[in-house]
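Architecture at a glance
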2 protein chains.
Amino acid sequence: MIDDTDRRLLSAIQTDAQLTAQELGERLNLSASQAGRRRQRLEQSGIVTGARAVVSPEGTGLQVQAFVQVQMATHEPEKVRAFTRIVKTRPQIVSAWTLTGEADYLLRVYCTDLAALHQLIHEVILPIPAVARVQSQIVMDQLKQDAPLPI
Amino acid sequence: MIDDTDRRLLSAIQTDAQLTAQELGERLNLSASQAGRRRQRLEQSGIVTGARAVVSPEGTGLQVQAFVQVQMATHEPEKVRAFTRIVKTRPQIVSAWTLTGEADYLLRVYCTDLAALHQLIHEVILPIPAVARVQSQIVMDQLKQDAPLPI
DNA sequence: GGTGAAATCTACCTAGG
DNA sequence: CCTAGGTAGATTTCACC
């Protein structure tokens, strides 16, 4: 189904999606046409779902990154929906996961400054009825960032 | 420096880095040449740092995603370096952040199954001398994923 | 694995504010 | 003078051999 060459191809394009078929072929010891065909097959089979440009947060004035853990007061479907709707709508919240354990949700947020983060938490998230408790942790340093999946 | 058209361009290519200059121009009401030129300028100025293919974890057999919070027993430079070296080396750990607050580090990990996650925690992370405590939370659902930065 | 037609990018040129 | 639009040569992709 997916062989070792595919795995190396996936690692390569996760680091740089703009590699040409020729460059991919050189890394994988394949001809450009074979490299391009493999990439196309991985896209069509749904293993590669797209490509995203990486934008420097600092370059766009986003100085503060944080993770916000949210514990729910209730799991009533209607109240939870109100929460998820706000999560999906707020642009500062770029990712949101449901987790096992104490914290029900983990949000990844980007803000221009600490005041904006404070405002997001106290004027947007905490007032949501379903929310019981919020704990935010600011990102001080990024040790490793979006490395290719371990495949 | 960076105007509203640039912001819309950045949002667009964060969702789909493979948009052609023509398609970008249609969305932004610009000619293809201008759209291409703006994208190129944003790349050269360092605001756009690259592009990454998005690979489906399930499609490659990675059934378990988790966040691992790590508290350090010490901050001795040498012991911390041993920790960061392992973090950078282990392919299952795709991202790692230093955080304010109780947990010193947050790791994002992908594993084939629960046993592999368990093994990573108990045989790799916990034995590191600098590590005092580890708490892992498994991702049950992804509500929102890598939305464009709020610019 | 290779080839060629079609699509895409991009450097250069021209026009308008 | 700076920004937008157009054009052509070079590059890349992809269907076919």
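Here, residues in each chain are numbered from 1, in the same order as that chain's written sequence. Written order decides the labels, with chains lettered from A and ligands numbered from 1. Note on the predicted model: pLDDT of at least 70 is required for a residue's local features to be given, and 80 or more for side-chain atom pairs to be given and counted; whole-chain, interface and lining totals, by contrast, use all residues. To get the side-chain values, take all heavy atoms of the structure and skip hydrogens and water.

**As for the packing of helix H2 (residues 21-28) of chain B against helix H3 (residues 32-44) of chain B**
Residue and element names in this part refer to chain B. For clarity, the cut-off: Lines are fitted to the C-alpha atoms to define the axes, a helix being fitted only along its stretch in contact, and any angle between axes, read from their N-to-C directions, falls within 0 to 180 degrees. In DSSP terms, a helix is any run of H or I states spanning at least four residues, a strand is any run of E spanning at least two, and both are numbered starting from the N terminus. Each angle receives one of four descriptions, namely roughly parallel if under 35 degrees, roughly antiparallel if over 145, roughly perpendicular if within 65 to 115, and oblique otherwise. Residue contacts are counted whenever heavy atoms from the two residues lie within 4.5 Å of one another. In this count, Pro and Cys sit with the nonpolar residues alongside Ala, Val, Leu, Ile, Met, Phe, Trp and Tyr, while Asp, Glu, Lys and Arg are called charged and the others, Gly among them, polar.
One way to put it is that H2 packs onto H3 with a least axis distance of 7 Å and a crossing angle of 100°. Of the possible angle classes, the one that applies to H2 and H3 is roughly perpendicular. Taking contact as the criterion, the partners of Ala21, Gln22, Leu24 and Gly25 in H2 are, on H3, Ala32, Ala35, Gly36 and Arg39. Of the residues in the contact of H2 with H3, the class split is four nonpolar, three polar and one charged.

**Side note on the protein's contact with DNA strand D**
Let me state the cut-off plainly: Here, proximity means that at least one heavy atom of the residue falls within 4 Å of the molecule or strand. Polar contacts, as counted here, are pairs of nitrogen or oxygen atoms within 3.5 Å of one another; within protein the pair requires one atom able to donate a hydrogen and one able to accept it, and residues that are adjacent in sequence qualify only if both atoms are side-chain atoms.
In the vicinity of DNA strand D, the contacting residues are A:Thr20, A:Ala21, A:Arg37, A:Arg39, A:Gln40, B:Leu30, B:Ser31, B:Ser33, B:Gln34, B:Arg37 and B:Arg38. A share of 50% is what sugar and phosphate atoms reach among the atoms of DNA strand D within 4 Å of the protein. Between A:Arg39 and DNA strand D, the recorded distance is 3.3 Å, taken from a side-chain N or O atom to a phosphate oxygen. A distance of 2.8 Å is found between a base oxygen of DNA strand D and a side-chain nitrogen or oxygen belonging to B:Arg37. The leading source of residues in the surface near DNA strand D is H3(B), at four residues.

**Regarding the domain arrangement of chain A**
Note the threshold: Boundary definitions for the domains trace back to an automatic or database domain assignment.
Assigned domains of chain A: these are domain 1 (4-44) and domain 2 (58-138). Taking the mean C-alpha position of each, domain 1 of chain A and domain 2 of chain A sit 37 Å from one another.

**Side note on the interface of chain B and chain A**
It is common to report an interface's size as the accessible area lost on association of the parts. Our working rule: Accessible area that two parts lose when put together, with a 1.4 Å probe and added across both, is what the buried area reports.
Taken residue by residue, the interface counts 63 residues in chain B and 63 residues in chain A. Between chain B and chain A, roughly 5600 Å² of surface is buried when both sides are summed, and carbon and sulfur atoms account for 58% of that area. Of all residues in chain B, B:Arg52, B:Leu143 and B:Lys144 give up the largest surface area on contact with chain A, accounting jointly for 15% of the area buried on that side. Linking chain B with chain A are 43 residue pairs in polar contact (both at pLDDT 80 or more), by the criterion used here. When residues of the side of chain B that touches chain A are traced back to their parent elements, those giving at least two are helix H1 (4-15), strand S1 (48-55), strand S2 (64-72), helix H4 (77-89), strand S3 (93-99), strand S4 (105-111) and strand S5 (131-144) of chain B.

**Concerning the side chain of A:Gln65**
Residues and elements named next belong to chain A. Put simply, the rule reads: Note on exposure labels: buried denotes an accessible area under 20% of the residue type's maximum, exposed denotes more than 50%, and partly exposed covers the range between, all computed with a 1.4 Å probe on protein chains only.
Mapped onto the secondary structure, Gln65 falls in strand S2 (residues 64-72). Gln65 sits in the buried class, given a relative accessible area of 12%. Within the local environment of Gln65, its side chain forms a polar contact with the side chain of Tyr110, the two groups lying 3.4 Å apart.

**Some details on the relation of the copies chain B and chain A**
The test is simple: All copies are superposed by least squares; the fitting set is the C-alpha atoms of residues with a pLDDT of at least 70 in both.
If you rotate chain B by 180° and push it 0.0 Å along the axis, it lands on chain A with an RMSD of 0.1 Å. Put plainly, the chains are arranged around a two-fold axis. Distance from the rotation axis, computed per C-alpha, reaches its smallest value in chain B at B:Arg52: 2.7 Å.

**Topic: the pairing of S4(B)**
Residues and elements named next belong to chain B. Defined as follows: By this definition, two strands are paired if DSSP reports at least two bridges between them.
Burial analysis of S4 places seven of its seven residues in the buried class, which makes it a mostly covered element. Both faces of S4 are covered, namely the face carrying Tyr105, Leu107, Val109 and Cys111 and the face carrying Leu106, Arg108 and Tyr110. Two strands pair when backbone bridges link them, and S3 and S4 are joined in this way by five bridges, in the antiparallel orientation. Paired with Ala96 across the strands is Leu107, a residue of S4. Remark: five residues form the turn of the hairpin made by S3 and S4, two consecutive strands paired antiparallel; Gly101 in that turn has positive phi of roughly 95°.

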